[in-house]
Amino acid sequence: MMKATEIIYSVVVPVYNEELVINECYKRLKKVMDSTKEGYEIIFINDGSKDNTLEIGGNISNLDPNIKVINFSRNFGHQVAVTAGMDNACGKAIAIIDADLQDPPEVILDMIKKWKEGFDVVYGKRLKRKGETLFKKVTSKAFYRILKSMTTVDIPVDTGDFRLIDRKVCDALKQLPERNRYVRGLVSWVGFKQVAVEYNREERFAGETKYPLKKMIKFASDGITAFSYKPLKFATYLGVGMSMLSFISILIVIYQKLFTGSTTAGWASLVAISLFFNGLILTMLGIIGEYIGRIYDEAKGRPQYIISEKIGFDKVINH
């Protein structure tokens, strides 16, 4: 009599318009996970794809009981898709990997070894980033180091969401309800025993990047505002500093008027100074607005995501 296989590993794979990649991603992940000789599940989270990603994922699930698909009602974003995958994972260890195959699935085996040695979080650290523009490499490197300098949370540099976490870490993350999520930062925040596995990041297998400049800026903003109050402190210090300079300037003008009988002429310079200070004020208001906007999102209390359908979750994996 066949009995249900205990799921040891869950692999969470967010997908968005990945019809050119998902089949190859499945093949490589299946080969890797089959080699463990232990029970596993692979969960594809379809984040509102507009191509045939859902259909292909559903077909794979119908043929392979290890494959499950979560379909969002619309696009909620990569970090939310990762969160949904972790929320629905059953494994004792949960691996997170993107479908584009830039992060080699074979590295998961190295992560599993570290997990079995007793580490609760095993994150992938990139040594090289193939197929990426110089602009993205430079800005990414700068962002991670700026974020590290601005927060008390030890967020490793040169890492992404590619990692393996223990069940207790996953359960701890479920208790963190914030909506503007920065998952790799949250994993660092919860703590536990963590270690890196180094690897070389490959070129994207096919298709286009799902992180254009606009999304990269928002992602960076989420990371900074979620784990640091220093931009608010900077705005305060800058405002106080400029106010002191303005007060000193007024004293100088009064002194010139009373004791020298002359004042500095030049309306153009006054207008330039006025525009400069107005720009600083608007910048500080913008920083404050970023934090207020996130408070507003939290106050609304809406769910992080809405699932349209689940595929393959009613199947029993047997051996």
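Residues numbered from 1 in each chain as written. Predicted model: local features only at pLDDT ≥ 70, side-chain atom pairs only at ≥ 80, totals over all residues. Heavy atoms only, no water.

Enquirer: Honestly, the overall build of the protein chain in this entry has me stumped. Any pointers?
Expert: In terms of regular secondary structure, the protein chain is built from 10 helices and 8 strands. The proportion of buried residues among the 319 residues of the protein chain is 46%. Taking contacts inside the protein chain between residues at least 6 apart in sequence as the whole, the part at least 24 apart equals 83%. Looking at the protein chain as shown, the accessible area adds up to about 17200 Å², and 62% of this sits on carbon and sulfur atoms. (Helix = DSSP H or I, 4+ residues; strand = E, 2+ residues; numbered from the N terminus. Buried < 20%, exposed > 50% of the residue type's maximum accessible area, 1.4 Å probe, protein only. Contact = heavy atoms within 4.5 Å. Areas by Shrake-Rupley, 256 points an atom, 1.4 Å probe, with all protein chains shown as cover.)

Enquirer: Is there a simple way to think about the environment of D51 in this case?
Expert: Within the secondary structure layout, D51 lies in the loop between β2 (40–46) and α2 (53–63). For the pair D51 and Y16, spaced 35 residues apart in sequence, the C-alpha to C-alpha distance is 8.6 Å. When neighbours within four sequence positions are excluded, D51 is seen to be in contact with N17, E18 and E19. Within polar-contact distance, the side chain of D51 engages the backbone nitrogen of E18 at 3.4 Å. (Polar contact = N/O pair within 3.5 Å; in protein donor to acceptor, adjacent residues only side chain to side chain.)

Enquirer: Would you take a moment to explain a nonpolar patch on the surface for this structure?
Expert: Taken together, the side chains of I281, L282, L285, I288 and I292 make up a nonpolar region of the molecular surface, amounting to roughly 470 Å² of accessible area. Assignment of secondary structure puts L285 in helix α10 (residues 267–300). (Patch = residues over 30% accessible without salt bridge, like charges linked within 9 Å, V, L, I, M, F, W, Y side chains within 5 Å. Salt bridge = Lys/Arg side-chain N within 4 Å of Asp/Glu carboxyl O.)

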